[in-house]
Amino acid sequence: MLIIKNARLLEPLTEGYDLSMGDIWVEGAKITAIRRPGELPQESEAIVEATVIDAEGKTVLPGLIDMHAHVYMKSLDIEGMRDRGPAVSVLNAYQYAREYLNAGYTTVRDCGCMYNVTVALEEARRRGELDVPRLISSGRILTPTETGNDTFGELYAEADSPWEVRKAAREQFKLKNDFIKYMVTGAFLNEKGSPGMVIAAPDELRAAVEVAEMKESYVCGHAHSAVGIKRAIEAGFRTIEHGVFLDDECIELFLKKDGCFLVPTGAITLACAGDTMYMSQDLKEKAERYFDEERVNINKAYEAGLKLGFGSDLDMENFMSHVGYEFTARTDYYNFKPMDILLQATKNSAEIMMMDDEIGTIKVGKAADLVICDGNPDEDIRVMNRPLVHVISGGKIIR
Ligand SMILES: [Zn+2]
C-alpha cells in the first residue's frame, strides 16, 4: 500500500473530492481512497506497513498524457529518423519510452512506429516486465503514395484506394494496434512534402473510418490544411493532429461535430523553427513560413472553446533537452491558461482517447497514475519545466 499524504489537489482534476488538500490511498494499481489529511485511521496493520510519501507543499496531478508521440524517434536528424532496422528501433523506442515515464507521462499515444515495437513494449508492461508508459499504438501510418515516405522505411504503409486502405487498416489491427493513423495532407518533415496539400481522397478516408468503427476504434488524421481538416472531420475522424492552417469553418465543424477533436502539437513547431541543427534549407523555410500562422489559428481554436488534446510530436533529443517543452509551448507560443493546459495534458486527452473511465483524473477506482510536482503549476506552468519530485505509475513509484 502507498499513501501520499498532505497532497495539494486541483479541483478540476480530482473527481468525487473537492477539498484542496487530501491524503491519497493506493492499493495495487488503483486509487482506493481520497480523504481529508490525517482523517484515515492510523492504527491498522496495512497502514503501518504502507509506504508513505509526504507531499506537503507540493501539487499532485493525474499522470500526464502525450497524445502525439513517436517513441522510435531519436532525433530530428533525417538520418536519425531513417529506418535502421528492427533492433535499433526497439532500442530507441524502449529508451524514449522510459524517459517519457520518468518525466511523468504515464500514458503515451504513439502516432506511428515501425516493426510494431510499441505493441511489444505495451505487452511487456502489462506483464510487469518493463517500466514504460501505458502505450496506445497506431502501428504503421497509412498514407497515399507520397514524396518523402521512403526516407522513413517501414513507418508508412502506402495505400491508394478504399480497398488498399481497408487492407492496410485491418493489418494494423491484426497486429494488435489500438487505432489508425492516416496522412490526410503533406507533412513538414517529409522531404519535398507540402503541408498544405491534401493527398487523400474522401473515399479513402471513409474506408479507414469504416474499418476502425468495426473494430470499435477510431482514426487519427495528420492534417494541416483547412480543406484536409474538413475532409477528415466529414469522413468521421476522431482526432485531427497539428491543424496548422485551420480556418473559421473548420472551427465551426469541430463545434458542430460530436466526437472530433483537435490535437495541436506546439513543441515540434518550436523545435523546428529554433536552432535545431538538423533542419535542411527546405524544412527551415517551411517552418518559418507557417510559424505565426499556426499560433494565430490554434489560439482561435482555443478561444472558440474547442476541447484540445495534448500532443508534442517531439523526438527524444528535444524532449530530453527541454523539460516540459509542450507545456511551455502552450503558454509562450500559443497563449493558453495554465489550468487549461493541465486539463489538456490529463482529463481532456483521456476523454478524447475514450479512456476516461480509467485515467485522466484523480478518482477512487481509477489507475494510480500520479505525478508530484514542486510548486503550483496551475498558477505558474513553469513548474512543469522542472523535473518532477515523484512519478507513480499503476501504483508503482517510478521516481
Ligand atoms: Zn507525428
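Fair warning: this is a prediction, and the values are worked out from it, not measured in the lab.

A. Expanded view of the overall build of the protein chain. Helices and strands together make up the secondary structure of the protein chain, namely 13 helices and 17 strands. For a compact globule of 399 residues, the expected C-alpha radius of gyration is about 21 Å, and the protein chain comes in at 21 Å, within 12% of that figure. Contacts in the protein chain between residues far apart in sequence, at least 24 positions, make up 69% of those at least 6 positions apart.

B. Expanded view of the environment of Val 198. Within the element layout of this structure, Val 198 appears in the loop between strand S11 (180–183) and helix H6 (202–214). Here Val 198 falls in the buried class, since 21 other C-beta atoms lie within 10 Å of it. When sequence neighbours within four positions are dropped, the list of residues in contact with Val 198 reads Val 184, Thr 185, Ser 225, Val 227, Gly 228 and Arg 231.

C. Fine view of the packing of helix H5 (residues 162–174) against H6. Running from N to C, H5 and H6 point in directions that differ by 35°, and their axes come no closer than 8 Å. The two elements H5 and H6 meet at a crossing, and its hand is right-handed. Touching Pro 162, Val 165, Arg 166, Ala 169 and Arg 170 of H5 are Asp 203, Glu 204, Ala 207, Ala 208, Val 211 and Ala 212, all from H6. Residue composition of the contact of H5 with H6, by class: seven nonpolar, no polar and four charged.

D. Expanded view of the environment of Asp 131. Summarising the element assignment, Asp 131 is placed in the loop between helix H4 (117–126) and strand S8 (134–137). Put simply, Asp 131 and Val 119 are 12 residues apart on the chain and 14 Å apart in space, counted from C-alpha to C-alpha. If we skip the residues at most four places from it in the chain, Asp 131 touches Arg 98, Leu 101 and Ile 398.

E. Main features of the domain arrangement of the protein chain. Assigned domains within the protein chain: domain 1 (2–62 + 361–397) and domain 2 (64–352). Placing the centre of domain 1 and that of domain 2 at their C-alpha centroids yields a distance of 30 Å. Between domain 1 and domain 2, the contact holds 20 residues from the first and 17 residues from the second. Every element with two or more residues in the side of domain 1 that touches domain 2 is listed here: strand S5 (59–62) and strand S16 (390–393). When grouped by side-chain class, the residues that make up the side of domain 1 that touches domain 2 number 12 nonpolar, three polar and five charged.

F. Inspection of the sheet that holds strand S6 (residues 64–69) at higher detail. If you walk across this open sheet you meet the three strands as S6-S7-S8, and the pairing is parallel. Sheet topology places S6 and S8 at the edges, where each strand pairs with a single neighbour. Direction aside, neighbouring strands of the sheet carry axes that sit 15° apart on average. The sheet contact formed by strand S7 (residues 105–110) and S8 spans four bridges and is parallel. The residue of S8 that forms the bridge with Val 108 is Leu 135. Of the strands in this sheet, S6, S7 and S8 are in contact with helix H3 (residues 86–102), which crosses S7 at around 135°. The sheet strands contacting H4 are S7 and S8, and the helix crosses S8 at an angle near 150°.

G. Quick peek at the packing of helix H7 (residues 226–235) against helix H8 (residues 248–256). For the pair H7 and H8, the least separation of the axes is 9 Å and the interaxial angle reads 15°. The pairing of H7 with H8 is recorded here as roughly parallel in orientation. Classified by chirality, the crossing of H8 by H7 is left-handed. From H7, Ala 226, Ile 229, Lys 230 and Ile 233 reach across to H8, where they touch Glu 249, Cys 250, Leu 253 and Phe 254. Grouping the constituent residues of the contact of H7 with H8 by class yields six nonpolar, no polar and two charged.

H. The nonpolar core, seen in detail. Ranked by size, the top nonpolar core spans 135 residues in total, and within it Val 60, Leu 142, Ala 208 and Val 219 carry the most contacts. In terms of domain composition, this core takes at least three residues from each of domain 1 (2–62 + 361–397) and domain 2 (64–352). Dropping the residues within four chain positions of it, Val 219 is found in contact with Phe 179, Ile 180, Tyr 182, Ala 208, Val 209, Ala 212, Phe 237 and Arg 238.

I. Examining helix H9 (residues 266–273) more closely. Of all the eight residues making up H9, eight are buried; the element is thus mostly covered by neighbouring parts of the structure. Taken together, the buried positions of H9 are Gly 266, Ala 267, Ile 268, Thr 269, Leu 270, Ala 271, Cys 272 and Ala 273. Where H9 is buried, its residues meet helix H10 (281–303), helix H11 (316–321) and helix H12 (325–333).

J. Spatial organisation of unusual backbone geometry. For Lys 176, which is not glycine, the phi dihedral falls at a positive 70°. Relative to the assigned elements, Lys 176 resides in the loop between H5 and S11. Even without glycine at this site, His 242 takes up a positive phi of about 75°. Positionally, His 242 belongs in strand S13 (residues 239–245). The exposure class of His 242 is buried, given the 29 C-beta atoms found within 10 Å.

K. Geometry of H5. The end-to-end C-alpha distance of H5 is 18 Å, a good match for the 18 Å that 13 residues give at a rise of 1.5 Å each. For H5, every residue scored as buried is listed here: Val 165, Ala 168, Ala 169 and Gln 172. End-on view of H5: buried residues confined to an arc of 100°, all on one side of the axis. Within H5, the exposed residues directed more than 90 degrees away from the buried face are Trp 163 and Lys 174. Looking one or two residues beyond H5, the residue adopting positive phi is Lys 176, at roughly 70°.

Reading the values: the criteria
Residues numbered from 1 in each chain as written. Predicted model: local features only at pLDDT ≥ 70, side-chain atom pairs only at ≥ 80, totals over all residues. Helix = DSSP H or I, 4+ residues; strand = E, 2+ residues; numbered from the N terminus. Rg over C-alpha atoms; globule rule 2.2 N^0.38 Å. Contact = placed C-beta atoms within 7 Å. Buried ≥ 20, exposed ≤ 12 C-beta atoms within 10 Å, placed from the backbone. Axes fitted to C-alpha atoms, helices over the stretch in contact; angles between N-to-C directions. Left-handed = near helix turned anticlockwise from the far one by under 90°. Nonpolar A, V, L, I, M, F, W, Y, C, P; charged D, E, K, R; others polar. Domains from an automatic or database assignment. Pairing = 2+ DSSP bridges. Parallel < 35°, antiparallel > 145°, perpendicular 65-115°, else oblique. Core = buried A, V, L, I, M, F, W, Y, C linked by C-beta atoms within 7 Å. Expected span 1.5 Å × (residues − 1). Arc of directions from axis to C-beta.

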